[in-house]
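So the chains spell out like this:
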Amino acid sequence: MNNKEGNNKRSGSSRPSSNKSKPAMAKRSQKPKKTETAAKAKPVEEVVVKKPNQAPKRQKAADELRLNKYISNSGACSRRDADIYIQSGNVKVNGIPVTEMGYLVKLTDVVNFDGAILIPEKKVYILLNKPKNFTTAMEEHEEHRNVLELLRGATTSKIAPVGRMDKNTTGLLLFTNDTDMIRKFGLPSQKSSKIYQVSLDKNLKFEDLEKIQKGMTIDGHKVAVEEVSYIEKEPKSEVGLKLKSSNVKVVRSIFEHFDYDVLRIDRVAFAGLTKKNLPRGNFRVLTEQEIINLKNA
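Below or above, wherever it landed, is the structure these notes cover. (Residues numbered from 1 in each chain as written. Predicted model: local features only at pLDDT ≥ 70, side-chain atom pairs only at ≥ 80, totals over all residues. Heavy atoms only, no water.)

When helices and strands are counted, the protein chain shows eight helices and 19 strands. Counting every position in the protein chain, which comprises 297 residues, the buried fraction comes to 34%. Taking contacts inside the protein chain between residues at least 6 apart in sequence as the whole, the part at least 24 apart equals 65%. Total accessible area on the protein chain is roughly 20600 Å²; 50% of this is exposed by carbon and sulfur atoms. (Helix = DSSP H or I, 4+ residues; strand = E, 2+ residues; numbered from the N terminus. Buried < 20%, exposed > 50% of the residue type's maximum accessible area, 1.4 Å probe, protein only. Contact = heavy atoms within 4.5 Å. Areas by Shrake-Rupley, 256 points an atom, 1.4 Å probe, with all protein chains shown as cover.)

Below, the structure written as structure tokens:
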């Protein structure tokens, strides 16, 4: 046997070998396949959970208002207190007890508040430049005249002053039947500024002025003063004072704390309102913009 033939038989194949590499297989896409369930999925609707004692929301008509505001407009109490009365079941609308917050009523509805029928009033805001010898005190034995005498004929609504003034204090005094606003400006945390011109029995020492500017504690209460300065072209017994408090007693106490006698206090600015074009003893009705500013003060 030929050796070459034997070798060929042992090789097991007559196919010629090739050094060429095979082409790489294309990679499959890594994106997930869209399933039939995902394609048909629908967005989940939001579930609105109604709070307890909350009336269903609907569009408010032009002749409607919230029940708590109706009660507040009548002068019975503030809107916050009205909510408490409503929740406790002490309010009826057309003879039916109502406890839902945000309940809407019309001016033609009959609202019974704690046993009495209410009549809502339009809010009134009047600014007076108070003269001397008139007081905000309501006592019958008070020898001085009441400031309400100066507002006769201004309105038929039952109004009250925002804060108090004694007979010797003059300047801006706000009157309204808006109980929410009266309460707001009576809070110690009220943030609007008031400016006073104070007349003292003697010149204010500069070192005392600096101490007042830094603030002080009177009767255990911290008094923060925004600004204090001498009145330009006036004796140094005439002082300007700017602070948040609408309590005139606080102004008097500041100077008495340093052994000065206060002869006169004149409020020249109140929460952005000024005495411009308002002579002493006169009053005017606030504009709509001024009312908005006061509510946001």
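There's more to say after this.
A word on the pairing of strand β17 (residues 262-270). On a regular strand, one side chain projects to one face of the sheet and the next to the other, so that they alternate. Relative to β17, strand β11 (residues 169-176) is paired through three bridges, and the arrangement is parallel. Its bridge partner being in β17, Gly171 is matched across the sheet by Arg267. The pairing of strand β12 (residues 194-200) with β17 spans seven bridges and is antiparallel. Counterpart to Gln197 in the pairing with β17 is Asp266. Two elements, β17 and strand β18 (residues 273-274), share two bridges in a ladder whose sense is antiparallel. Looking at the pairing, Phe270 lines up with Leu273 of β18. (Pairing = 2+ DSSP bridges.)

This brings us to the sheet that holds strand β2 (residues 91-93). Reading across the sheet, the four strands line up as β3-β2-β5-β6 and stay open at both edges, with antiparallel pairing between neighbours. In this open sheet, the two edge strands, each paired with only one partner strand, are β3 (96-97) and β6 (116-117). Note: strand β5 (residues 111-113) against β6, two bridges, orientation antiparallel. Bridge pairing links Phe113 to Ala116 in β6.

To continue, consider the nonpolar core. Side chains of a nonpolar character, in soluble globular proteins, are inclined to be buried together. Residues Ile212, Leu241, Ile254 and Phe255 are the most contacted members of the largest nonpolar core, which totals 33 residues. Discounting chain neighbours no more than four positions away, the residues touching Ile212 are Leu204, Val225, Val228, Leu241, Ile254, Phe255 and Phe258. (Core = buried A, V, L, I, M, F, W, Y, C linked by side-chain atoms within 4.5 Å.)

Within this structure, the stated rule accounts for seven salt bridges. Between Arg280 and Asp266 there is a salt bridge whose closest N-O contact spans 3.0 Å. A residue pair is termed long-range when its members are at least 10 positions apart, and Arg280 in the loop between β18 and β19 (283-285) and Asp266 in strand β17 qualify at 14 residues. Look at Arg280 and you get partly exposed, because its relative accessible area is 38%. Bridged by salt links that share partners, the residues Asp266, Lys275 and Arg280 form one connected network. (Salt bridge = Lys/Arg side-chain N within 4 Å of Asp/Glu carboxyl O.)

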